[in-house]
Amino acid sequence: PARMRQFVHRRRGGELVPSHPWHATIAHRLFEQAQTATSTRRYATARGIAFEAKPTGDGTWHGYPVPWESVPPAILRQWLLEARITRRDIRTHWRRSATDLHWALGTDQA
């Protein structure tokens with residue numbers, strides 16, 4: 001099965017290993033619920049923010065917040081119909097600079 005790379009990790013020998021139980025993280029839940037767009041893109045949402053995950057080439061995935069304009073329209077429509085997101089979420093975070101993550105970090109409350 002695919003694994004998501006840990007943000008908090010340590011090295012054991014030459015391998016990165018999680019420093020906490022991966023199955024208990026929000027990132028794990030997001031990855032498990034992600035919609036597959038292509039073999040190299042998966043999308044998830046939480047708290048009005050969109051997330052994209054890409055494979056790293058070593059059997060793991062890297063996930064990060066993205067503006068809504070990056071999410072495929074079919075996934076946006078599905079999530080709107082399922083009430084997983086609102087039109088306000090989309091308007092609020094439609095387009096952002098690729099180098100600016102402050103908009104997503106400011107909403108990251110546990």
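That block above? That's the structure.
Below or above, wherever it landed, is the structure these notes cover. (Residues numbered from 1 in each chain as written. Predicted model: local features only at pLDDT ≥ 70, side-chain atom pairs only at ≥ 80, totals over all residues. Heavy atoms only, no water.)

**Re the overall build of the chain**
Put simply, the rule is: A run of H or I in DSSP becomes a helix once it reaches four residues, and a run of E becomes a strand once it reaches two; helices and strands are each numbered from the N terminus. Each residue is placed in one exposure class: buried if its accessible area under a 1.4 Å probe, protein chains only, is under 20% of its type's maximum, exposed if it is over 50%, and partly exposed if it falls in between. By definition, residues are in contact when any of their heavy atoms lie within 4.5 Å.
Scanning the chain for helices and strands turns up 4 helices and 7 strands. When the elements of the chain are put in sequence order from the N terminus, they spell out β-β-β-α-β-β-β-β-α-α-α. Counting every position in the chain, which comprises 110 residues, the buried fraction comes to 30%. Contacts spanning at least 24 positions in sequence make up 38% of the contacts within the chain whose residues lie at least 6 apart.

**A short note on the pattern of salt bridges**
Filter applied, for reference: One speaks of a salt bridge when a side-chain nitrogen belonging to Lys or Arg is within 4 Å of a carboxyl oxygen belonging to Asp or Glu.
Evaluation of the coordinates by the stated rule reveals 3 salt bridges. Notably, a salt bridge pairs glutamate 52 with arginine 41, separated by 2.6 Å at the nearest N-O pair. In this pair, glutamate 52 sits in strand β6 (residues 49-55) while arginine 41 sits in strand β5 (residues 41-46), placing the two residues 11 residues apart along the sequence. Two residues, arginine 84 and glutamate 82, come together in a salt bridge whose shortest N-O distance is 3.8 Å. Residue glutamate 82 is classed as partly exposed on the basis of its relative accessible area, which comes to 42%.

**Some points on the pairing of strand β7 (residues 60-66)**
Basically, it comes down to this: Two strands make a pair as long as DSSP finds a minimum of two bridges between them.
Sheet analysis places β6 next to β7, joined by 6 bridges and oriented antiparallel. Within β7, the position partnered with alanine 53 by the bridge is glycine 63.

**A few points about the pairing of strand β4 (residues 35-38)**
As defined by bridge partners, β4 adjoins β5 across 3 bridges and the pair is classed as antiparallel. Within β5, the residue paired with threonine 38 across the bridge is arginine 41. Where β4 hands over to β5, the hairpin turn is made up of 2 residues, counted between the paired strands.

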